[in-house]
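Commentary on secondary and tertiary structure
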Amino acid sequence: MAEWTMEEVLRLALRHETENFEEYKKASEEAQNPAIRAMFRFLADEERGHIKLIRDKMAEFQVKESAGGCRWRTSSSTISPRRLSTRGCSRR
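Residues numbered from 1 in each chain as written. Predicted model: local features only at pLDDT ≥ 70, side-chain atom pairs only at ≥ 80, totals over all residues. Heavy atoms only, no water.

1. As for the nonpolar core
Put simply, the rule reads: Residues enter a nonpolar core if they are buried and are Ala, Val, Leu, Ile, Met, Phe, Trp, Tyr or Cys, with the set joined through side-chain atoms within 4.5 Å. Note on classification: 1.4 Å probe, protein chains only; a residue is buried when its accessible area is under 20% of the maximum for its type, exposed when over 50%, partly exposed between these limits. A run of H or I in DSSP becomes a helix once it reaches four residues, and a run of E becomes a strand once it reaches two; helices and strands are each numbered from the N terminus.
In this structure, Leu-10, Leu-14, Phe-21, Ala-44, Ile-51, Ile-54, Met-58 and Val-63 together form the largest nonpolar core, which totals eight residues. Counting only elements with at least two residues in this core, the list comes to α1 (6-30) and α2 (34-60). Ranked by residues supplied to this core, first place goes to α2 with four residues.

Shown next as structure tokens:
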């Protein structure tokens, strides 16, 4: 069983929630069916809430959003000015 640090867990969670948010948002923009579009928007909003919760925990545990060797890039302010694009980062 792998040992995880609090930093690794929170960064992993943030990466997954951010990626899910981006996918749901993109799908909501592309969906033609209004009900499907609304469901993707709902799911994106849920992920946005999860991102906030994780960031709150990161602040509580004094965990920075980026690790030393990982390339984290800021992107548009869809979530917030601190939104991250985390593709390409992996757990070490």
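2. Side note on the side chain of Glu-47
Stated formally: Neither His nor the chain termini are counted; the positive set is Lys and Arg, and the negative set is Asp and Glu. Salt-bridge detection follows one rule: a side-chain nitrogen of Lys or Arg within 4 Å of a carboxyl oxygen of Asp or Glu.
In this structure, Glu-47 sits in helix α2. Put simply, Glu-47 is tucked away with no salt bridge, and the nearest opposite charge, on Arg-48, sits 10 Å away.

3. Observations regarding the pattern of salt bridges
Under the counting rule described, the total for this entry stands at six salt bridges. The salt bridge involving Glu-29 is made with Lys-25; its shortest N-O contact spans 2.2 Å. Remark: Lys-25 and Glu-29 occur in helix α1; sequence separation between them is four residues, near one turn of the helix. Overall, Glu-29 belongs to the exposed group, its relative accessible area being 54%.

4. A look at α2
Quick reminder of the rule: Expected span of a helix, by definition, is 1.5 Å for each gap between consecutive residues, and there is one gap fewer than residues. Polar contact is the term for a pair of N or O atoms within 3.5 Å; when the atoms are in protein, one must be able to donate a hydrogen and the other to accept it, and sequence-neighboring residues count only if both atoms are side-chain atoms.
Across its 27 residues, α2 extends 39 Å between first and last C-alpha, which sits within 8% of the 39 Å expected from 1.5 Å per residue. Three or more residues of α2 are buried, namely Ala-44, Glu-47, Ile-51, Ile-54, Arg-55 and Met-58. Where α2 starts, the residue carrying a side-chain oxygen 2.7 Å from the main-chain nitrogen of Ala-35 turns out to be Asn-33. Gln-62 sits one or two positions beyond α2 and adopts a positive phi of about 55°.

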